[in-house]
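Read off the chains here:
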Amino acid sequence: MKRKRVSLYIGISIIASLLAMMVVSLFYTPYPVTEMNRDERFAPPSANHPLGTDNFGRDVLSRIMKGSQTAFFVGLIAVSVGGLFGVLVGAIAGYFGGMLDEFIMRLMDAMMAFPGILFALMFVSIFGVGIRNTIIAIGIMSIPSFARITRSGFIQHKEFEYVKNARVKGVSNFRIMFSHILPNVLSPIIVAASMGFSSAVLSEAALSYLGLGVQPPDPSWGRMLNESQVFITLSPWYTIAPGIFITLIVLGFNFLGDGIADLQDRQQ
Amino acid sequence: MRDLNISFTTAKGDFPAVRGISFDVGRNSIVGLVGESGCGKSVTALAIMRLLPGNARLSGTIDFSGRNIVAMHEEEIRKLRGSEISMIFQEPLTSLNPLWKVGRQIDENLKMHTELKGDDRFQSVVDIMRDVGLPDPERLYHKYPHELSGGMRQRIAIAIAVACRPALIIADEPTTALDVTIQAQILQLLKDINREKGSSIIFISHNFGIIREICTSICVMYAGHLVEIAPTEKLFCEPRHPYTIGLMKAIPKTDSKGKELYDIPGKVPSITDTLPGCPFEPRCEYAFERCKRELPQFEVLGEQHESRCFLAGELR
Amino acid sequence: MYIYLRKLFAMLATVFLVSMITFITFEIIPGDPVLARLGVDADEAQIRALSEELGLDEPLYKRFFGWITGLFTGDLGQSIRYSRPVSELIFDRLPVTLSLALISMVLIVIIGVPLGILSARYGDRLPGISISIVSQIGMAVPSFWTGIILMYIFGLTLRWVSPGGYTPWSVDPVEAFKSLLLPAVAIALPSIATVIRYTRNTVMEQMKNDYVRLAFSKGLKMNAVLFRHVLKNALIPVITVLGMITANILGGSIVIEQVFTLPGVGRLLINAISVRDLPLVQGMVLYISLVIVVTNFLIDIVYTLIDPRIKLR
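Residues numbered from 1 in each chain as written. Chains lettered and ligands numbered in written order. Predicted model: local features only at pLDDT ≥ 70, side-chain atom pairs only at ≥ 80, totals over all residues.

Brief notes about the overall build of chain B
Each helix and strand counted, chain B has 12 helices and 13 strands in total. For 316 residues, the compact-globule formula gives about 20 Å, and the C-alpha radius of gyration of chain B, at 21 Å, lands near that figure. Its C-alpha atoms give chain B principal-axis dimensions of roughly 70 × 50 × 40 Å. Classification of the 316 residues of chain B by burial places 39% in the buried group. Sequence-distant contacts, at least 24 apart, represent 62% of the contacts inside chain B between residues at least 6 apart. (Helix = DSSP H or I, 4+ residues; strand = E, 2+ residues; numbered from the N terminus. Rg over C-alpha atoms; globule rule 2.2 N^0.38 Å. Buried ≥ 20, exposed ≤ 12 C-beta atoms within 10 Å, placed from the backbone. Contact = placed C-beta atoms within 7 Å.)

This is how it looks when you write it as structure tokens:
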């Protein structure tokens, strides 16, 4: 029994630490992110530079800290956007059912079958690159999973007593859906949000790696991987650091999501 | 079976599921294990085949032709399964593998426990299928479980159980999931098997009507304890335990039309309530002071008739 | 028989739908491919000439029909950048991407499924838990990073394979395989983790079923029960997930081809997007979508072959 809580604690610790790092970076980084130092290029990790320096002599740790801002920002906004529309769509599909539901679900299935990265690429090829379009593309990609989870929750709850009572009392559909049912379906949606966050981070990293996501001067771990790849023989830690942090934040949100899901399971 | 105790070890502690069960199953007999849901009858049956989950702890002895099942290694008991002891489960749709042809599922037993090969084995399976009352066995062999009716599926399950002529068959509520008309046929089939193939049967049920129909003797269980054991007609004519008496009263009879059905007041204790005295005491109308403190021992009342109650000799 | 025809028909309908959507999507694009090619300072005459050459001045429906008929003849238009037919360009790169995808899929199945079963068998004990943890990490690591690291270790440091680049199968099969192995591993890793998780869950679910109890009651050993009875039942949901895995592999290959500089469809796509060579992008999106639709169709067919309960419907 106790074992299951482990996921939750690990997730919380990882995310909390990274979040702390991000908040700190808003006010302070060990070195200015753009400060170049010709003499200290490709320096290995040391007391001065815990994660070494890059090809311009910039401190990698500071750049990583700055990069966490983008990771959290993109994740948060994309998941919020996707979550908002996804929940809306899923609620409507689940509550009203019928042809509308069929149609929406076919659409969602088609979207899920399509490789996410391909969609994002198509999107930026049409609308251009940059952080804003990256967020929109990733947001759209996350709509189907929210829609699915919300829909099944609504399908389940719409048969429950309290919903029937509310209808009999004359409460409007809109209020029933969002004031009555939605709060009860919140748990799995939160789990989906956590998973969506990690998915968003991975997508942004891939897009930025390809040069089609977050553009300079906005920092991005994914783009750092692209920049560092050429120099890998000279300073492998410049490549290792962003990868580790991407993995950490994804792991963190995955564990968090799993932990919350386990918590729900046990309550039931 | 002597003094069988089964408990389950969980993160929250050990829970006794079955306590101090003793009974005998003779050759050619059909012994009924009857009681309400949760009284431990299924657990007892699974213990005989050592099919309980890993956190189960057994003590006591289960003597099978001179060998103690409780003390056996996994390898030893595995050899007995399917060949000497076999089991029939309640729901035939889920107890058969949905992706295997039904004939093959019977064949697997023969393949494992006999030396028969190829055509001989196929013929044996067909014969067994015919014996359990399945029509057109050669064709039926190649069907899948979902293509058969509930009654036919249960016959397949029975065929699997009797394939190797086991000495003991454990039937866990084999007719509960079936239509009433089919129930009668299956019961008759089991009786025939018992008579003609010489397999003893342990028949588990919560339905007294069925138990009376098929069993030669009956063990009544309550909350993990064996409370009364008697030959069938003896039990129905002269029940000597308050619980058994209560159960008898609760059976609807043909002349009880229009009268209120009797219900034993109170409810079955959960596995987490362990009382020092008699488990039935809270609901017993004959209970007195001693019942709360002390667990009654078995009182022998006659030939193979025992009851676990202080008042056993006096109840009518 | 009918069921197969119905599925085939559904697939073709989807194909049509996909092509239509792809076509329409690229029609609403702001920005002008002609200008992209000629530069902003091009004069009217040049723009008109190129537009005519590319057929961009035709009315919409005409172009759509042209597109559709082109699909049947294998003509997907002309690449603006390379001045060669799109289909030709794609075909050149197909072998690379397809081989990559195939090797990845094989790796995923032969590593993921057995580990998943192992993990389920030893469920709550050490091997089971450690496999779970490892697969969690496997899902979190970005595949292109894995690719970079692998290339660094095996390509640059140990020099077991050449770092990047590709040798065609026709020239030297062994070298070809070597150049595809690392990229395939990088692509496969996250999907292997997913399959392990999935397989573990379905196997553990199946183990709770009655027929498993019956199998034990016949005297079968754990291995026999697992592999003869449980496996087939558990694989059915796993096959469903293979459809999603295909999409992952194709998506993954787009990025990985970049990491290892493989001359595949993915890299062509990225280049095309950077220079806004829209006919090319359009063609490749269509190709990738078709691969997915066809693969899902095939998986569906495999389904009906394995599960006898489905045939009857």
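From this point, the discussion proceeds with the structure in view.
Describing the overall build of chain C
Counting its secondary structure elements, chain C contains 13 helices and 0 strands. Each helix and strand of chain C, ordered N terminal to C terminal, gives the series α-α-α-α-α-α-α-α-α-α-α-α-α. Every one of the 313 residues in chain C was classed for burial, and the buried ones make up 41%. Contacts in chain C between residues far apart in sequence, at least 24 positions, make up 71% of those at least 6 positions apart.

As for the sheet that holds strand β10 (residues 217-222) of chain B
Residue and element names in this part refer to chain B. As summarised here, the arrangement of the 8 strands in space is β7-β8-β9-β3-β10-β11-β13-β12, forming an open sheet in which the pairing is mixed. Both outer strands of the open sheet, β7 (85-88) and β12 (299-302), are each paired with one neighbouring strand and no more. Between one strand axis and the next, the sheet turns through 20 degrees on average, direction left out of account. Of the strand pairs in this sheet, β7 and strand β8 (residues 168-172) are connected by 4 bridges, and their pairing is parallel. (Pairing = 2+ DSSP bridges. Axes fitted to C-alpha atoms, helices over the stretch in contact; angles between N-to-C directions.)

So, the environment of I232 of chain A
One can find I232 of chain A in the loop between α8 (221-229) and α9 (236-267). Expressed as a C-alpha distance, the spacing of I232 of chain A and S179 of chain A, which sit 53 residues apart in the sequence, is 54 Å. If sequence neighbours within four positions are ignored, I232 of chain A has contacts with T239 of chain A together with I148 and Y152 of chain C.

Regarding the domain arrangement of chain B
Domain annotation of chain B identifies domain 1 (24-48 + 74-215) and domain 2 (238-316). Using only C-alpha atoms to locate each centre, domain 1 of chain B and domain 2 of chain B end up separated by 32 Å. (Domains from an automatic or database assignment.)

A look at the nonpolar core
Ranked by size, the top nonpolar core spans 217 residues in total, and within it A159, I202 and F203 of chain B together with M284 of chain C carry the most contacts. With 17 residues, helix α7 (residues 173-209) of chain A is the largest single contributor of residues to this core. If you count residues domain by domain, this core takes at least three from each of domain 1 (24-48 + 74-215) and domain 2 (238-316) of chain B. Beyond its immediate stretch of four places on either side in the chain, M284 of chain C contacts I90, V265, L268, L269 and A272 of chain C. (Core = buried A, V, L, I, M, F, W, Y, C linked by C-beta atoms within 7 Å.)

Description of the pairing of strand β9 (residues 200-205) of chain B
For a regular strand, side chains alternate in direction, first toward one face of the sheet and then toward the other. All names here are of chain B. Burial of β9 is extensive: 5 of the 6 residues sit out of reach of the surface. Alignment of strand β3 (residues 30-34) against β9, held across 5 bridges, turns out to be parallel. Bridge assignment links L33 to a residue of β9, and that residue is I204.

As for the interface of chain C and chain B
Frequently, the measure chosen for interface size is the accessible area removed from exposure when the parts meet. Residue-level contacts link 16 residues of chain C with 22 residues of chain B. Contributing elements (two or more residues each) for the side of chain C that touches chain B: α9 (210-217), α10 (222-259) and α13 (308-311) of chain C. Looking at the side of chain C that touches chain B, the element that brings in the most residues is α9 of chain C, giving 6 residues.

Notes on the packing of helix α6 (residues 161-169) of chain A against α7 of chain A
All names here are of chain A. Direction vectors running N to C along α6 and α7 enclose 145 degrees, while the axes themselves pass 11 Å from each other. Between α6 and α7 the crossing geometry is right-handed. In contact with Y162, V163, A166 and R167 of α6, α7 contributes I176, H180 and I181. In the contact of α6 with α7, the residues fall into 5 nonpolar, 1 polar and 1 charged. (Left-handed = near helix turned anticlockwise from the far one by under 90°. Nonpolar A, V, L, I, M, F, W, Y, C, P; charged D, E, K, R; others polar.)

Regarding the interface of chain C and chain A
Across the boundary between the two partners, chain C contributes 29 residues, which contact 28 residues of chain A. Those elements that provide at least two residues to the side of chain C that touches chain A are α6 (126-140), α7 (143-157), α10, α11 (265-274) and α12 (278-306) of chain C. Among the elements that take part in the side of chain C that touches chain A, α10 of chain C stands out by supplying 8 residues, more than any other.

Description of the environment of P44 of chain A
Residue and element names in this part refer to chain A. The topology assignment puts P44 in the loop between α1 (2-27) and α2 (60-96). Note on P44: 11 C-beta atoms within 10 Å, which makes it exposed. Separated by 191 residues in sequence, P44 and S235 have C-alpha atoms that sit 7.2 Å apart. With sequence-adjacent residues up to four places away left out, P44 is seen in contact with G52 and W237.

Here we look at α10 of chain C
Each full turn of the α-helix corresponds to 3.6 residues, which orients residues three or four apart in the same direction. All names here are of chain C. Its 38 residues give α10 an end-to-end C-alpha distance of only 44 Å, which falls more than 12% under 56 Å, the value for a rise of 1.5 Å per residue. Within α10, the axis deviates most sharply at V230, by approximately 55 degrees. Just downstream of α10, T261 is the residue with a positive phi angle, here 45 degrees. (Expected span 1.5 Å × (residues − 1). Bend = angle between axes of the 7 residues up to and from the residue.)

Looking at the confidence of the model for chain C
Residues and elements named next belong to chain C. A residue-level look at chain C finds 82% of positions with pLDDT of 70 or above and a mean pLDDT of 80. Taken element by element, chain C is modelled with least confidence in helix α2 (residues 33-38), mean pLDDT 56, and with most confidence in α9, mean pLDDT 91. On the interface metric, ipTM, the complex scores 0.85, and its pTM is 0.81. (pLDDT = per-residue confidence, 0-100.)

Focus: the sheet that holds strand β1 (residues 2-10) of chain B
All names here are of chain B. The 3 strands lie next to each other as β2-β1-β4, forming an open sheet whose pairing is antiparallel. Because the sheet does not close on itself, it has two edges, and the strands there are β2 (13-21) and β4 (56-61). Within the sheet, the average angular offset between the axes of one strand and its neighbour, ignoring direction, is 15 degrees. In this structure, β1 lies alongside β2, joined through 6 bridges in antiparallel fashion.

Observations regarding unusual backbone geometry
Put simply, P216 of chain A and P217 of chain A share a cis peptide bond, and its omega is 5 degrees. Inspection of the secondary structure puts P217 of chain A in the loop between α7 and α8. Unusually for a residue other than glycine, D3 of chain B sits at a positive phi of about 50 degrees. Among the secondary structure elements, D3 of chain B is positioned in strand β1. In the Ramachandran plot, D136 of chain B falls in the positive-phi region, its phi being about 50 degrees despite a non-glycine side chain. Relative to the helices and strands, D136 of chain B resides in the loop between α5 (118-131) and α6 (137-140).

Here we look at the environment of E238 of chain B
As for its placement among the helices and strands, E238 of chain B is situated in the loop between α10 (232-237) and α11 (242-250). Given 16 C-beta atoms within 10 Å, E238 of chain B falls into the partly exposed group.

Topic: the packing of α10 of chain C against α12 of chain C
Residue and element names in this part refer to chain C. At a closest axis distance of 10 Å, the pairing of α10 and α12 adopts a crossing angle of 170 degrees. Classified by the angle between their axes, α10 and α12 sit roughly antiparallel to one another. For the pair α10 and α12, the crossing hand works out as right-handed. Residues I236, I239, L242, G243, T246, A247 and L250 of α10 touch α12, and the partners they reach there are I288, V291, I292, T295, N296, I299, V302, Y303 and I306. (Parallel < 35°, antiparallel > 145°, perpendicular 65-115°, else oblique.)

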